[in-house]
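Each chain is listed here by its residues.
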Amino acid sequence: MSAIRENRNVVIVGAGIGGIACAARLARSGHRVRVVEKNEKSGGRCDRMIVDGHTFDTGATLFLMPRLYAETFSALGERMEDHLDLRRLDPTYHLYFPDDSSLQLTPDLYKLKAQLEAIEPGSFERLLNYLAEGGEFYRLSLPNLINRDFRSLAEFLNPRMLALFLRLKTLTRHTRNAARFFQDPRLQMAFTFQDMYMGLSPYDSPATYSLMQYTELADGLYYPMGGMYRVTEALTSIAEKLGVEFLYNAPVEKILVDGNRSTGVSLAGGGSLPADVVVANADLGYVYRSLLPDDGMADRIDRKEYGCSTIMFYWGLDRQFSRLGPHNLFLNGDYRQSFEDIFKGTTMSDEPNFYIHAPVRLDPSMAPEGRDTLYVAVPVGHVSSRVAQDWPALQARARAYILRRLAELGVPDLEAHIIVERSFVPNDWRNRYNLTRGSTHGLSHKLTQMAYLRPHNRHERYRNLYFVGASTHPGTGVPTVLVSAALAAQRVQEDFPR
Ligand SMILES: Cc1cc2nc3c(=O)[nH]c(=O)nc-3n(C[C@H](O)[C@H](O)[C@H](O)COP(=O)(O)OP(=O)(O)OC[C@H]3O[C@@H](n4cnc5c(N)ncnc54)[C@H](O)[C@@H]3O)c2cc1C
């Protein structure tokens, strides 16, 4: 591609975290950038809903890997601490196990030791070894797999990378590796469930992902005051300050192409926006299926494996229950079966695991005084045409189960206190954000869909069309998507230097 030294017209499809961050980076390097978003505001899966004074983060709630966020702010000429009031959490989670026992995960190793030794003598020392290994996986993965833009197969498949994959234990299942450190099934659960953040079953994911447990305890789990949507707001306002124009309620109908180039986008409401560069932030499978001419790629992406989805409940309560901490995870029934049901059965377990985020304990502004705001997520299979899925029935069953389980664990009569209620099922994720199969985490992060094997950040044929977001390289989760924005923006800069 020839280097032309002038401002370029960039159109970005979608104002998710990836779209906003990429827009800001490109505007900072002098391009004219417009972001076209189908919904009424920016955020995508890092969205917010306010109902009767209750403020709900609707998707992301866990602020992990702060260094990756800080890197984005600094690349935009800003300091993260000037925009986000971050509070480190201790404990990180309240975990409840199927036998009704519980554990408070905490970065305070003395407190953690006492709890672990009571469950399994000797386990604390093994946890330290497990975390040391996870730390090594993290330090190796960041430069070699996550922050790296693979341009050719040779960069990925070579003796150095093969040695790296062995060191990262990519061929060992995460649950199997955890079982080498902990005998008690509760500890095996406590130090593998985080794979769900990437929409993965720990029974299928590589042992490499113990980097999640490491970063959570070592780098910390944070809460941005005002909720995760503050990240969206901060990045959107920085982008606007850098000159990015946001067009809301403007679904893109097609990405326009001519020969081997994209020429802009057409809008569902009529009209089109010409562009020298198009960046697609909308979900990758959807972009190939619905926005681009059919070249067989949509079917190829469709054959790939997708992560799970969630049934959500957003509840406003007329009182608070002190039993609930800021982040609570309820592991119920048979651990292995719960993942089989989600990933093989594409449904919901009879006794599903669920997660409750109760931000008012950290941030009273999230509910009117004396009231409470709860975010409840139940991981379930994504939308599938292979099996019959009755979402309203599963939604009702999930609701009844959660209320019953909470009552068993000392949160009685919660239903009587619900004064605000909203709910999402996988079809709602699909419809609101155009997510393929309603998968909240997009393409799975299994070994064969990682790094070079994950869809790249530039189109193979239309060389001025770039991709950013959860289903592209390096993957899902807000900090990882920020990296994909950096990689895509970097690619644009190389192709269109100023
Ligand atoms: C329930 C849930 C919980 C999560 N929890 C966490 C967490 O705790 N921590 C964490 O780090 N991550 C979490 N994640 C993952 C994280 O939220 C996502 O990986 C990230 O926000 C994805 O950003 P994105 O930019 O890739 O895409 P999206 O957020 O999907 O943004 C794409 C945007 O494109 C828009 N769009 C789609 N089609 C069109 C069109 N035709 N025209 C115009 N616009 C269009 C969509 O409306 C959307 O705004 C969670 C996700 C979910 C759903």
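Above this text sits the structure in question.
Residues numbered from 1 in each chain as written. Predicted model: local features only at pLDDT ≥ 70, side-chain atom pairs only at ≥ 80, totals over all residues. Heavy atoms only, no water.

### Thoughts on unusual backbone geometry
Peptide bonds are trans in most cases, and residues, glycine excluded, mostly fall at negative phi. Keep this limit in mind: Each helix corresponds to a stretch of at least 4 residues labelled H or I by DSSP, and each strand to a stretch of at least 2 residues labelled E; elements are numbered beginning at the N terminus. Only protein chains enter the accessibility calculation, which uses a 1.4 Å probe; a residue whose area is less than 20% of its type maximum is buried, one above 50% is exposed, and one in between is partly exposed.
The linkage connecting D90 with the following residue, P91, adopts the cis geometry, with an omega of 0°. With respect to the helices and strands, P91 occurs in the loop between β5 (86-88) and β6 (93-96). The step from H473 to P474 runs through a cis peptide bond, and the omega angle for that step is 0°. One can find P474 in the loop between β19 (465-467) and α17 (478-495). Backbone geometry places N249, a non-glycine residue, at a positive phi of 50°. Locating N249 in the fold gives a position in the loop between β9 (245-247) and β10 (252-258). Positioned with a positive phi, A451 is a non-glycine residue whose angle comes to about 55°. Structurally, the position occupied by A451 is in the loop between α16 (426-433) and β19. The class of A451 is buried, set by a relative accessible area of 7%.

### Focus on the site of the ligand
Test applied: Proximity criterion: a residue is near a molecule or strand once any of its heavy atoms comes within 4 Å of it. Throughout this description, a polar contact denotes any pair of N or O atoms lying within 3.5 Å of each other; where both atoms belong to protein, one of them has to be capable of donating a hydrogen while the other can accept it, and for residues adjacent in sequence the pair is counted only when both atoms sit in side chains. Only the protein chains shown count as cover for residues, with accessible areas throughout obtained via the Shrake-Rupley method and a probe of 1.4 Å. Polarity classes work like this: nonpolar for Ala, Val, Leu, Ile, Met, Phe, Trp, Tyr, Cys and Pro, charged for Asp, Glu, Lys and Arg, and polar for all others, with Gly in that last group.
The ligand sits among 38 residues. The nearest are E37, R45, L62, Y286 and A470. A distance of 3.1 Å is found between a nitrogen atom of the ligand and a backbone nitrogen or oxygen belonging to K38. Between the ligand and Y286 there is a distance of 2.8 Å, counted from a nitrogen atom to a side-chain nitrogen or oxygen. Considered on its own, the ligand offers 1000 Å² of accessible surface; in the complex 96% of this is hidden by protein. Taken together, the elements giving at least two residues each to the shell around the ligand come down to α1 (17-28), α16 and α17. Tallied by class, residues from the shell around the ligand come to 19 nonpolar, 15 polar and four charged.

### A look at the nonpolar core
Just so we agree on the cut-off: To form a nonpolar core, buried Ala, Val, Leu, Ile, Met, Phe, Trp, Tyr and Cys residues must be joined to one another through side-chain atoms within 4.5 Å.
Within the largest apolar cluster, 77 residues are counted, with the highest numbers of intra-cluster contacts made by L95, L103, L145, F191 and F193. Looking at this core element by element, the count peaks at ten residues for helix α5 (residues 123-146). Within the second largest apolar cluster, 42 residues are counted, among which are L76, F246, V277 and V468.

### Brief notes about the packing of aromatic side chains
Each pair of aromatic rings is reported with the distance of its centres and the angle of its planes. Just so we agree on the cut-off: Geometry of aromatic contacts follows a simple scheme: Phe, Tyr and Trp rings, the Trp one being its six-membered ring, pair when their centres are within 6.5 Å, and the pair is stacked under 30 degrees between planes, edge-to-face over 60, tilted otherwise. For a Lys NZ or an Arg CZ to count as sitting over a ring, it must be within 6 Å of the ring centre and within 35 degrees of the ring normal.
On inspection of all chains with the given rule, the structure shows 29 aromatic pairs. With 6.3 Å between their ring centres and 75° between their planes, F63 and Y222 make a pair best called edge-to-face. One end of the pair, F63, is in the loop between β4 (54-57) and α2 (66-75); the other, Y222, is in strand β8 (residues 222-224), and 159 residues separate them in sequence. On the accessibility criterion, Y222 (17% relative accessible area) is buried. Members of the aromatic cluster, connected to one another through ring pairs, are F56, Y314, Y355, Y375, F424, W429 and Y433. The positively charged end of K41 is found above the aromatic ring belonging to Y229, 5.8 Å away from the centroid.

### A word on the state of the cysteines
Rules: Disulfide assignment relies on a single distance test, namely cysteine sulfur atoms paired within 2.5 Å.
Using the criterion set out here, one finds zero disulfides in the structure. For the unlinked cysteine C22, the closest cysteine sulfur is that of C46, found at 17 Å. Given a relative accessible area of 0%, C22 falls into the buried group. The thiol of C308 is unpaired, and the distance to the nearest cysteine sulfur, on C46, comes to 17 Å.

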